[in-house]
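# Topology and contacts: notes
Here is what each chain is made of, one letter per residue.
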Amino acid sequence: MGYLDEEVKRLQSIIDSIEGRVRDLETKQFGSSSKKTTDEIRMLLIGPPGAGKGTQAPKIKEKFNCCHLATGDMLRSQVAKKTTLGREAKKIMDQGGLVSDDIVIGMIKEELDNNPECKGGFILDGFPRTVPQAEGLDAMLKSRNQTLQHAVELQIDDALLVARITGRLVHPASGRSYHTAFNPPKVAMTDDITGEPLVQRSDDNAEALKKRLATYHKQTTPVVSYYKNTGIWKAVDASQEPGQVWNSLLAIFDNDKAKAEAAGSGILNKLAGRS
Ligand code: ADP
Ligand code: ADP
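Residues numbered from 1 in each chain as written. Chains lettered and ligands numbered in written order. Predicted model: local features only at pLDDT ≥ 70, side-chain atom pairs only at ≥ 80, totals over all residues. Heavy atoms only, no water.

### Focus on the UniProt feature "binding site: ATP" (unreviewed entry) in the protein chain
Under the feature "binding site: ATP" (unreviewed entry), the UniProt entry names Gly 50, Ala 51, Gly 52, Lys 53, Gly 54, Thr 55, Arg 168, Ser 177, Tyr 178 and Gln 240. Residue position: Gly 50 is located in the loop between β1 (41–46) and α3 (53–64). Beyond its immediate stretch of four places on either side in the chain, Gly 50 contacts Leu 161, Arg 164 and Ile 165. Along the chain, Lys 53 turns up in helix α3. For Lys 53, a relative accessible area of 9% puts it in the buried group. (UniProt positions renumbered as here; feature names shortened; annotations may be inferred. Helix = DSSP H or I, 4+ residues; strand = E, 2+ residues; numbered from the N terminus. Contact = heavy atoms within 4.5 Å. Buried < 20%, exposed > 50% of the residue type's maximum accessible area, 1.4 Å probe, protein only.)

### Points about the state of the cysteines
For the structure shown, the criterion picks out one disulfide. The disulfide bridge from Cys 67 ends at Cys 118, spanning 2.1 Å between sulfur atoms. Residues Cys 67 and Cys 118 share a disulfide whose torsion about the S-S bond is about 105°; that sign makes it right-handed. With Cys 67 in strand β2 (residues 67–70) and Cys 118 in the loop between α6 (101–114) and β3 (121–125), this pair connects stretches of sequence that are 51 residues apart. The residues Cys 67 and Cys 118 share a single accessibility class, namely buried. (Disulfide = S-S within 2.5 Å.)

### Focus: the site of ligand 1
What surrounds ligand 1 is a group of 18 residues, the closest being Thr 71, Arg 76, Gly 97, Gln 133 and Arg 212. Contact between ligand 1 and Lys 53: an oxygen atom at 3.0 Å from a side-chain N or O atom of the residue. Here Gly 97 contributes a backbone N or O atom positioned 2.6 Å from an oxygen atom of ligand 1. Within the complex, the protein chains bury 96% of what would otherwise be the 560 Å² of accessible surface of ligand 1. Its residues placed into classes, the shell around ligand 1 shows seven nonpolar, five polar and six charged. (Near = heavy atom within 4 Å. Polar contact = N/O pair within 3.5 Å; in protein donor to acceptor, adjacent residues only side chain to side chain. Areas by Shrake-Rupley, 256 points an atom, 1.4 Å probe, with all protein chains shown as cover. Nonpolar A, V, L, I, M, F, W, Y, C, P; charged D, E, K, R; others polar.)

### Comments concerning unusual backbone geometry
Across the chain, the bulk of peptide bonds are trans and the bulk of non-glycine residues have phi less than zero. With an omega of -5°, the peptide bond running from Phe 127 to Pro 128 counts as cis. Locating Pro 128 in the fold gives a position in the loop between β3 and α7 (131–143). Unlike most non-glycine residues, Met 189 shows phi in positive territory, near 60°.

### As for the packing of α7 against helix α9 (residues 206–230)
Direction vectors running N to C along α7 and α9 enclose 40°, while the axes themselves pass 8 Å from each other. What the angle tells us is that α7 and α9 run oblique. Touching Val 131, Ala 134, Glu 135, Leu 137 and Asp 138 of α7 are Pro 222, Val 223, Tyr 226 and Tyr 227, all from α9. Grouping the constituent residues of the contact of α7 with α9 by class yields seven nonpolar, no polar and two charged. (Axes fitted to C-alpha atoms, helices over the stretch in contact; angles between N-to-C directions. Parallel < 35°, antiparallel > 145°, perpendicular 65-115°, else oblique.)

### Here's the deal with the site of ligand 2
Taken together, 18 residues form the shell around ligand 2, and within it Gly 50, Gly 54, Thr 55, Arg 168 and Tyr 178 come nearest. Here an oxygen atom of ligand 2 sits 2.8 Å away from a polar atom, N or O, in the main chain of Gly 54. Relative to its unbound accessible surface of 560 Å², ligand 2 loses 92% to contact with the protein.

### Considering the pattern of salt bridges
Under the defined criterion, the tally for this structure stands at 14 salt bridges. Across the pair Asp 73 and Arg 76 runs a salt bridge whose closest N-O atoms are separated by 2.8 Å. Within this pair, Asp 73 and its partner Arg 76 are both found in helix α4 (residues 71–80), separated by three residues, close to a single helical turn. Residue Lys 109 is joined to Asp 113 by a salt bridge in which the shortest nitrogen-to-oxygen separation is 2.8 Å. Here Asp 113 and Lys 109 lie together in helix α6, a separation of four residues that amounts to about one turn. (Salt bridge = Lys/Arg side-chain N within 4 Å of Asp/Glu carboxyl O.)

### Points about the UniProt feature "binding site: AMP" (unreviewed entry) in the protein chain
Taking the UniProt record as the reference, the feature "binding site: AMP" (unreviewed entry) is found at Thr 71, Arg 76, Gly 97, Leu 98, Val 99, Gly 126, Phe 127, Pro 128, Arg 129, Gln 133, Arg 201 and Arg 212. By secondary structure assignment, the location of Gly 97 is in the loop between α5 (84–94) and α6. Judged by relative accessible area, which is 34%, Gly 97 ranks as partly exposed. If we skip the residues at most four places from it in the chain, Gly 97 touches Ile 92 and Thr 215.

Quick look at the structure:
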């Protein structure tokens, strides 16, 4: 091998080592490499009943191949099975109150520990709903050496929610939701995917909604402040049509990716003495 070949080989090994070091620095800055930031998602959706959490979450799940954990769906499954917890929870849910923090924290922990889909990350929908739940989640993630990337608030006026909630139809087994006017199923009262019947939730009436909204403003609005203090809070206008809401979510994910890439090139710029 001539001098030139030797020199190219030597420079290549220096470049490989520098690239490895830059990746390490990016990981330190973001908690994961820029690639992983887009591959793995750890986020939550906060919003009043009817904001669109359950409509958007399956799309995020599809994009990132992660798990979608909806405490409302988990509780309704207990109600359907008529377990002791289900019987207790049903009374509270129909009254528009909140099930105890310990119970829902336990449910989320169980899923994060055992649900294989959560290996690709998670979207939490309807959890945390109180500050103690947010603190419980922090403790859980800390013990797993994980951090949250986004706490997305779906913002919408209460006045728009009555029509959304009273027209909502759900497929109990999957949690898929439809709307009699805004997103009707192909065949009336029938799930598009399984052909099974759709139902109206027992708490989806104007009276229970009033109580659920009061509970939301009292107990869950402080959760928004909690995440504003951590710096991962982002807001989306949830009164837009569903496709626009999805675009707003994509913009959040893309911005995250762009930031990670900018940090990567920032490090390279510094190395090159360009900053
Ligand atoms: P929505 O989709 O209308 O916001 P959910 O399906 O998330 O409602 O929740 C339905 C009900 O289940 C709530 O009104 C509450 O009683 C109970 N619930 C769901 N998640 C929680 C939670 N994180 N903490 C306490 N109660 C919860
Ligand atoms: P959440 O899970 O936040 O309680 P859902 O996603 O179940 O809310 O949506 C509540 C109802 O409103 C459903 O019937 C759904 O089809 C409908 N919906 C969801 N997003 C929109 C939207 N952007 N515009 C109009 N209707 C919507």
